[in-house]
Every structure is written in structure tokens, then in C-alpha cells.
Amino acid sequence: MSSELMIEMKNVHKWFGELHVLNDINLEINKGEKIVICGPSGSGKSTLIRCINRLEEHQRGNIIVEGTELTNDSRSIERIRGEVGMVFQQFNLFPHLSILDNCSLAPIWVRKLPKAEAKEKAMEYLKRVQIDDQAHKYPAQLSGGQQQRAAIARALCMEPRIMLFDEPTSALDPEMIKEVLDVMVGLAQGGMTMIVVTHEMGFAKEVADSIIFMDEGQIVEAKNPKDFFDNPESERTKTFLSQIL
Amino acid sequence: MSAANKEIGPPVIELGVMGWLRKNLFSNWYNSLLTIFGLYLLYILIPPLVNWIFLDANFVGSTRDDCTNEGACWIFIQQNIKLIFYGLYPTEELWRINFVYLILLISGVYLLIPNLKHKGWVGAFLLIIFPIICVVMLSGGLGLESVETRLWGGLFLTLVIAGVGIVLSLPIGVMLALGRRSKLPVVSLLCTIFIEIWRGVPLITVLFMASNMFPLFMPEGVNFDKLIRALIGVMFFSAAYLAEVVRGGLQAMPKGQYEASQAVGLTYWRMMALVILPQSLKMVIPAIIGSFIAIFKDTTLVLVIGLFDFLGIIQFVGTNPDWLGFSHEGYVFAAAVFWVFCYAMSWYSQRLEKKLDTGR
């Protein structure tokens, strides 16, 4: 695999008021890499990936996504959001639109695809996440697992080069977690560049190229899964692993 | 256990008409007392009212001398119907108003029938072309004789003021609400000041200012039509109230909806138009229609600046020496017509809410 640099974070800092939520983050992610970020709550892992598509603004350092640096220039933000898809913990589907319209909205209005083409493509992705039979229902009529798969399809419809997942299974009932993880594994096998904030360590072992452990706004440890689970260096990582495994 | 339970129905005492009466009207001694008192009130109020409005009323005739019965004299309304509906609009030009009503009626019915095609076009016609037709037809131009707005009156004038106020105040209100929530401090401050000034002033003051003070600030010779000044006043007044209603809806939107829209790359205006406003306006439909109904009824205040709206003209014809002493009939008629319009709005709002309900 060619090592094309997709995301570069250099000395990134962010504060919420006095709280130092990201403290000197340095990260390089190549094309096709799958990164899993874990850590205790409040460690800054969600904030980190939300900085990548400017849902949060970083205050120091540089974030470069596919050669475009994130600045306050709205054009750079728009370009990056076009390349980066995001899946949220709470799905955040648009409740007033059918599943199909949820998926085709942005392709029509942002990518300027003709309606028919956008809907066709949406159906394709809905089929891939196996809810094409639900396309004409509204989000409230779907189960949590189905909603999250629809949200993944919505993000994929923009044909992003990078996918961010912010605790995609944390709001799901246990029996629905697998159907969402299966979709994500399929996506990973297809070569998508992925950054996943999750506590699903099984998933991490299976697909991650590297696992990042964060605590108090810092990257404490970044390793391939085998080393991460077998030889964690830092005490904080060891404690965390002992708590969740 | 199941075999025994199947045979047990609800207690007989709660079934049937008697059960319903017992449960809802006579469940205990004070409810029974209230029920009896209520029935007594209906008994002393309803029969005289029905007698006065229908049974003892006069419906045919042409002068007050034909009103020989004890009840209402509807001949009063009937004889003045042209004034009440159209004001002083020239009789030979009345077809122009009726033509406008007809267009409105046809397109309105078209929009209300479910599952018809091209509703978007009809809506666009109503919002863009229809107002132009109205202006030309009603005030004159393109070969039509000009009719000054001081001749406009009656129900027609009420509908013009309420219609213009309602249709224009909603978009202005939405923009003000978005402005007040803007991240740009200047925009937000200006919108807040605008909203609070208009909300802090009674409509009657607004109308007085529009009618009497506004000309003082204008250069000599510049003369705005009084009706237009009143329309602008009503429009901004209503917009300020709507802005706060809409802002309430915007504030109730979960943050995730904004984030999801941004994450798929929608710009601010597209996010608002496609995701946020459709949902938040839907949430506040009852309050929006409430504001519309209030504005419809508040149009009666234009009487204070010398415009004769529906209620104003009914009071006016009541002072005609030929028809002195029939103000009761006038007010009852006015109340009935106002109720029909307001209830229609209320009915439409409920229908709209049901239609747009997609669950949460």
C-alpha cells in the first residue's frame, strides 16, 4: 500500500475555557490506515476527531487533511468536510426526512448530483449496509442499529476518503452492536481510512493498524494492537486495560 | 389462571351510556352538582339565544320597518352587505375584488386536496405572481381604473391587512430569529433591539405613529399611502412576535442536528433551509398560527387611524339614521365571521401538524 499522508496533526492544542482538552497532539495517518482511539471519558478522544472536520476549533498547532490546512477560511473547511465523513454516537439522522432523503440530501445540495442519480447512489449504499428495504421509512421507525447503519450510509453517500466514528456503538442495545460493527469491518476491509473512537476492543484487535490510548488530553501510547494489549508501557494504559477487559 | 380471567369483563357499571355518564358527569357529589349547574346555565342561555338569532328573527325585507318580529333584524346586515364586505369600493369595479377572491379560492382548494401534482408551482404562483395580480387588480393599472385605498374597506380591507401582515411577517420573523441567534455580535444586537422595540410597543401606538407621526419625518410633499403605512406597521409588529416564537423552535433543536448537517458539508444557509428550519418551524406551528390569529383579530385596531375594516364598517353603518339601534346584530355577525376565519386557521394548523408528523 502506498503511504499517502491523509491526516497530519502537529502540536495541536485546545482548551475549553481553562480546561486543557488537547495537549500537544501529534499524529500522522496514511491512506487506508485504521486507527482506534480509546481512553477514559473526558480524555479528549472525541474532541480530537471532532477537530479533524472542524466541529471543534483547535487553538494552536496545525491540522492538515489531504494537503489542505484547516483554518478559519470557510472554503478550506468546506473542502475538508467534503472529504471526511462522520458517524455520531447519537446517529443524528434528520428526523423529518426519509432514510433515502437523509442519504441523498448532501449529494444533491453539496455535490450537485442530479436527484435521480443521488437517490440511486443512496440506494446502493443502503443496500451495502443492508437496510435498502427501509429506505422509505422515517428514522423514528427504525431500530437503533438500523439508524446507525443508515447514518453510516449517509456519510458514505458523500464518497468520503476518510471516515470518523465517534463512539458509534455506545448508544446501542447490546444485540445491535454487532450489526453496526460488521458494517464497519466491511468498510475497513474495503480500504477506507478510518479513525474510530470506541471501547469495542474486539473490533480494535480485528481491524486496527494502530491503537491510540489517550488520557487527560494527551496521547499516552500508540501501538499496533498486539503490542498494545500484550506489552502496554504506561501505567495508565495498564490500569485502563485492566478496567475494560 | 387464564381460563378464569377470560370470563372477567370490565365492570358492568362502566359500560354503555349510563356508565359514561356516571364516570364523566356524576362521579362524586360535587361533580354532580357542577353538572346540574352547567345544565341549568345552558337551559337559561341557549333557548333565548336561538330564538333571537333564528326563530324570532327577520330575514326578508328592505327597510327597518320590515323588522316586526321580536328577534334579530338580519335585514340590517343584508341591506348593508356591500358596505360590510367591500367598503366604499366602486360598485362597478367589485368584480375585480371577486376575481381575486376566486383565484385565491381555486388555488387554495387545489392545495388542500391531497396527492395532486404540481403543488409546488401553485404555491409559487400564490407567493410570487398572485400578489402582483392583487396589486394591479385591486388598486388599478394596466388599463384598469385606479381605486384609491381610502375607498377600500369592510371584510375586504381586513383580509388585505391580515393577509399581507401574515404572509410577509413570517419570512421577516424567521430572518430576525436567525439574526438574533447569529454568532456575529452586531447582527445579533441589531435584531434583538429591533424585536424588543416592536414587542415593547402596543399595536395601537404603532398604528398611530404610522399614521400621524411618520408624515412629520418625511420631506414636504412626500406622501405614503396610509394603508401602506399601516401594513408596514402591522407587518413588523407581527414579525417581532413571530421571531421570538421561531427562536423558541430553534432553541429546541438538538445540537446533533447542526453537527450532522455540518459534517455532511452543508453550508449555513442550506443547513438552515433544509434541516433546521423545517424541523423547528414544525415544532412551533401551534404558536405561529396563534400569532396569525392574533394579528387577524388585531386588524380591527386600524379603525383608530381612520381605516374602516370589517368591524369598523359594521359600527359605521350602525350609526346610519336609517338603521340606528341594530348594533347587536352587527356585533353578532362580526363575531360569527371572525370566528369562521380564525377557526379555519386553527383547523388548518392541526391538519398541517398531523401531515408533517414523522415521529422523533
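Note that the coordinates shown come from a computational prediction; the quantities given were computed from them, not determined experimentally.

A few words now on the overall build of chain A. The number of helices and strands found in chain A is 9 helices and 10 strands. Against the 2.2 N^0.38 benchmark of 18 Å for 245 residues, chain A shows a C-alpha radius of gyration of 18 Å, consistent with a compact globule. Principal axes of the C-alpha set define a box for chain A whose edges measure 55 × 45 × 40 Å. When burial is assessed residue by residue, chain A has 57% of its 245 residues classed as buried. Long-range contacts, defined as pairs at least 24 residues apart, comprise 64% of the intrachain contacts of chain A with a sequence gap of at least 6. Carbon and sulfur atoms provide 44% of the accessible area of chain A, an area that totals close to 10800 Å². Of the side chains in chain A, 28 bear a positive and 36 a negative charge, and the two mean positions are spaced by 4 Å.

Secondary structure summary: chain B contains 16 helices and 0 strands in total. Against the globule reference of 21 Å for 360 residues, chain B gives a C-alpha radius of gyration of 26 Å, more extended than a compact globule. Taking the principal axes of its C-alpha atoms as reference, chain B extends roughly 90 × 75 × 45 Å. Counting all 360 residues of chain B, 38% fall into the buried class.

Once that is clear, we can look at the pairing of strand 4 (residues 60-65) of chain A. Residue and element names in this part refer to chain A. As paired strands, strand 1 (residues 5-16) and strand 4 are joined by 5 bridges and run antiparallel to one another. From the neighbouring strand, Met 9 faces strand 4, where its bridge partner is Ile 63. Taken together, the 2 bridges between strand 4 and strand 5 (residues 68-69) define a ladder with antiparallel strand orientation. Note on strand 5: the bridge partner recorded for Ile 64 is Glu 69.

Let us look at the packing of aromatic side chains. Evaluation of the coordinates by the stated rule reveals 22 aromatic pairs over all chains. Seen from their ring centres, Phe194(B) and Trp198(B) are 5.9 Å apart, and the 45 degrees between their planes marks the pair as tilted. Pair noted here: Phe194(B) and Trp198(B) are both in helix 9 (residues 185-199), with a separation of 4 residues, about one helical turn. For Phe194(B), a relative accessible area of 26% corresponds to the partly exposed category. Here the aromatic residues Phe85(B), Phe296(B), Phe310(B), Phe333(B), Phe338(B) and Phe341(B) are joined through ring pairs into a cluster of three or more. The positively charged end of Lys205(A) is found above the aromatic ring belonging to Phe229(A), 4.9 Å away from the centroid.

Right, let's get into the interface of chain A and chain B. Across the contact, 22 residues belong to chain A and 21 residues belong to chain B. The largest per-residue losses of area from chain A upon contact with chain B belong to Arg81(A), Pro95(A) and His96(A), which jointly make up 28% of the total buried on that side. Put simply, chain A and chain B have 1 salt bridge between them. The salt bridge partner of Glu259(B) is Arg50(A), with a shortest N-O separation of 2.6 Å. Taken together, chain A and chain B are joined by 7 residue pairs in polar contact (both at pLDDT 80 or more). Residue assignment for the side of chain A that touches chain B shows that the elements contributing at least two residues are helix 2 (74-83), strand 6 (84-87) and helix 3 (99-109) of chain A. In terms of residue count, helix 3 of chain A provides more of the side of chain A that touches chain B than any other element does, 3 residues in total. Classifying every residue of the side of chain A that touches chain B by side-chain character gives 14 nonpolar, 3 polar and 5 charged.

Residues and elements named next belong to chain B. Evaluation of the coordinates by the stated rule reveals 1 disulfide over all chains. Across a sulfur-sulfur distance of 1.8 Å, Cys 67 and Cys 73 are joined as a disulfide pair. With the S-S bond torsion at 45 degrees, the cross-link from Cys 67 to Cys 73 turns out right-handed. Residue Cys 67 is classed as buried on the basis of its relative accessible area of 18%.

All names here are of chain B. Running from amino to carboxyl end, helix 6 (residues 94-112) crosses helix 7 (residues 119-139) at an angle of 170 degrees, the nearest separation of the two axes being 10 Å. With respect to each other, helix 6 and helix 7 are oriented roughly antiparallel. Two secondary-structure elements touch here, helix 6 through Trp 95, Arg 96, Ile 97, Phe 99, Val 100, Ile 103, Leu 104, Ser 107, Tyr 110, Leu 111 and Leu 112 and helix 7 through Lys 119, Val 122, Gly 123, Phe 125, Leu 126, Phe 130, Ile 133, Cys 134, Val 136, Met 137, Leu 138 and Ser 139. Across the contact of helix 6 with helix 7, the residue classes tally to 18 nonpolar, 3 polar and 2 charged.

A few words on the packing of helix 13 (residues 268-283) of chain B against helix 14 (residues 285-298) of chain B. To describe two helices that pack against each other, one gives the angle between their axes and the distance between the axes. All names here are of chain B. Where helix 13 contacts helix 14, the two axes come as close as 5 Å, and the packing angle between them is 65 degrees. Considering the angle they form, helix 13 stands roughly perpendicular to helix 14. Within the contact between the two elements, helix 13 uses Leu 281, Lys 282 and Met 283 and helix 14 uses Ile 285, Pro 286 and Ile 288. Residues belonging to the contact of helix 13 with helix 14 are distributed by class as follows: 5 nonpolar, no polar and 1 charged.

A few words on the side chain of Glu167(A). Residues and elements named next belong to chain A. Within the secondary structure layout, Glu 167 lies in the loop between strand 7 (162-166) and helix 6 (174-189). Within polar-contact distance, the side chain of Glu 167 engages the side chain of Ser 170 at 2.8 Å. Residues within four places of Glu 167 in sequence aside, it is in contact with Lys 45, Ser 46, Gln 89, Val 197 and His 199.

Moving on, we come to the confidence of the model for chain B. Mean pLDDT for chain B: 89, with 96% of residues reaching 70 or above. Scored by ipTM, the complex comes to 0.93, with pTM at 0.86.

It is worth spelling out the sheet that holds strand 7 of chain A at this point. Residues and elements named next belong to chain A. With mixed pairing, 6 strands are arranged side by side in an open sheet as 6-7-8-3-9-10. The sheet is open, and its two borders are formed by strand 6 and strand 10 (218-223), each paired with just one other strand. On average, each strand axis in the sheet is inclined to that of its neighbour by 20 degrees, with strand direction left out of account. Judged from the 5 bridges that link them, strand 7 and strand 8 (residues 193-197) form a sheet pairing that is parallel.

Parameters and conventions
Residues numbered from 1 in each chain as written. Chains lettered and ligands numbered in written order. Predicted model: local features only at pLDDT ≥ 70, side-chain atom pairs only at ≥ 80, totals over all residues. Heavy atoms only, no water. Helix = DSSP H or I, 4+ residues; strand = E, 2+ residues; numbered from the N terminus. Rg over C-alpha atoms; globule rule 2.2 N^0.38 Å. Buried < 20%, exposed > 50% of the residue type's maximum accessible area, 1.4 Å probe, protein only. Contact = heavy atoms within 4.5 Å. Areas by Shrake-Rupley, 256 points an atom, 1.4 Å probe, with all protein chains shown as cover. Lys, Arg positive; Asp, Glu negative; His and termini not counted. Charge placed at Lys NZ, Arg CZ, Asp CG, Glu CD. Pairing = 2+ DSSP bridges. Phe/Tyr/Trp six-rings, centres within 6.5 Å; stacked < 30°, edge-to-face > 60°. Lys NZ or Arg CZ within 6 Å of the ring centre and 35° of its normal. Buried area = accessible area lost by both parts, 1.4 Å probe. Salt bridge = Lys/Arg side-chain N within 4 Å of Asp/Glu carboxyl O. Polar contact = N/O pair within 3.5 Å; in protein donor to acceptor, adjacent residues only side chain to side chain. Nonpolar A, V, L, I, M, F, W, Y, C, P; charged D, E, K, R; others polar. Disulfide = S-S within 2.5 Å. Axes fitted to C-alpha atoms, helices over the stretch in contact; angles between N-to-C directions. Parallel < 35°, antiparallel > 145°, perpendicular 65-115°, else oblique. pLDDT = per-residue confidence, 0-100.

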